[in-house]
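# Architecture at a glance
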Amino acid sequence: MSERLLRLLQDAACGSPPPADGVVEVCPAPPGPVDAVLAFTAHHVVAAGVDPDLVAARLPDGDLGAPMSPGFLGWLGERLGSLPGSLDVVLATTGLGGDPPLALRPGGEPGRHPRAARAARYRGDLQVWTDPDGAGVLVLGRGLAGRREVSFEVDPARRNRGLGRLLVAAARHLTPQGEVLFAQVAPGNAASLRVVEAAGFRPIGAEVLFHRDGARPT
């Protein structure tokens, strides 16, 4: 069933989102460390080990915002034994292949940088890169349903100089041509949203992840 979830995400990224039909799908728990609730336009997906009848009983008919409401997310977290993470905008684009527009060097083990260490809780097959000055870090890995994901961070003293945009653009070149690349950004993080969109990403929906270790989200 993870193939169904991955295909749904990839189709949405390529301009074919699920129908705006008010449906709440319930899928089995995906492999990996997280469960998820995903929101598209008038269509939601609960990807977790929970009874679909219980989900339906918790959601009022006709309330399109209910699956992302604090009440439902808190209830689901109790059922799963974990805490809901932050609400993130999900953005996507496709890989370009070829040489990145920025010289990069391997960033070493994920534990060397907080951004990479956080990514290691949620993703496998991590690749960590830094710019030559070590002012920015770029992380690529496999996250929810095996999708390829990117995250990045720039040292506060080096922000507003275009480095973030170069890092995200580099991620597209480090991704095979045509393969879908995803990014998740908190809706209030306007600076990162602008950077990611400038690199060619477009919003496809939103999501909340539930880490199965039960720890407070980071």
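Notes on the structure in this doc start here. (Residues numbered from 1 in each chain as written. Predicted model: local features only at pLDDT ≥ 70, side-chain atom pairs only at ≥ 80, totals over all residues. Heavy atoms only, no water.)

### Some words on the side chain of Ser151
The criterion, for reference: For the purposes of this entry, the term helix denotes a DSSP run of H or I that reaches at least four residues, the term strand denotes a run of E that reaches at least two, and both are numbered from the N terminus. Within 3.5 Å is the distance limit for a polar contact, defined as a pair of N or O atoms, with the added protein rule that one can donate a hydrogen and the other accept it, and that residues adjacent in sequence qualify only through two side-chain atoms. A contact between two residues is defined here by any heavy atoms of the two lying within 4.5 Å.
Note that Ser151 resides in strand β8 (residues 148-154). Polar side-chain contacts of Ser151 include one of 3.1 Å to the side chain of Arg123. If sequence neighbours within four positions are ignored, Ser151 has contacts with Arg115, Ala119, Arg123, Val137, Leu138 and Val139.

### Thoughts on helix α1 (residues 2-13)
Keep this limit in mind: Given a helix with a known number of residues, its expected span is that number minus one, times 1.5 Å.
Between its terminal C-alpha atoms α1 stretches 17 Å, which fits the 16 Å expected from 12 residues at 1.5 Å a residue. Buried residues in α1 make contact with β1 (24-27), β2 (34-40), β3 (43-47), β9 (180-185) and β10 (202-211). Following α1 by one or two positions, Gly15 has its phi on the positive side, about 95°.

### Examining the pattern of salt bridges
Any two side chains of opposite charge can pair, on the condition that their charged atoms come close. Quick note on the threshold: Salt bridges are defined as contacts in which a side-chain nitrogen from Lys or Arg sits within 4 Å of a carboxyl oxygen from Asp or Glu.
The final tally for this structure, using the stated rule, is 10 salt bridges. It is possible to trace a salt-bridge network through shared partners that takes in Arg123, Arg147, Glu149 and Glu207.

### A word on unusual backbone geometry
Cut-off, in case you're wondering: Accessible area is worked out with a 1.4 Å probe on protein chains only. A residue is then buried under 20% of its type maximum, exposed over 50%, and partly exposed in between.
A positive phi angle, near 55°, is found at Asp125, a position not held by glycine. One can find Asp125 in strand β6 (residues 124-130). Judged by its relative accessible area of 65%, Asp125 is exposed. In this model, Ala145 sits at a positive phi of 60°, which is unusual for a non-glycine residue. Among the structural elements, Ala145 can be located in the loop between β7 (136-142) and β8.

### Considering helix α6 (residues 190-198)
Rules: Think of the arc as the fan of directions from the helix axis to the C-beta atoms.
Taken residue by residue, α6 has Ser192, Leu193, Val195 and Val196 as its buried positions. Along α6, the residues classed as buried sweep out an arc of 165° about the axis, all on the same side. Buried positions along α6 lie against β4 (84-94), β8, α5 (163-173) and β9. Positive phi shows up at Gly200, right after α6, with a value of about 105°.

### Quick look at the nonpolar core
Our working rule: To define a nonpolar core, start from buried Ala, Val, Leu, Ile, Met, Phe, Trp, Tyr and Cys residues and group those joined through side-chain atoms within 4.5 Å.
Judged by nonpolar contacts, the single largest core of 22 residues is most densely connected at Leu91, Leu138, Val150, Val196 and Phe201. Of all the secondary structure elements, the ones that give two or more residues to this core are β4, β7, β8, α5, β9 and α6. Among the elements that make up this core, the one with the highest residue count is α5 (5 residues). When near neighbours in sequence (up to four residues on either side) are disregarded, Val196 contacts Leu91, Phe152, Val168, Ala183, Val185 and Phe201. Counting residues in each nonpolar core, the second largest holds 21 residues, with Leu9, Ala12, Phe40 and Ala92 among its members.

### What to know about the environment of Ala36
With respect to the helices and strands, Ala36 occurs in strand β2. As a C-alpha pair, Ala36 and Thr175 span 139 residues in sequence and 24 Å in three-dimensional space. In this structure, Ala36 is in contact with Val45, Val46, Ala47, Leu144, Val208, Leu209 and Phe210, ignoring residues within four places of it in sequence.

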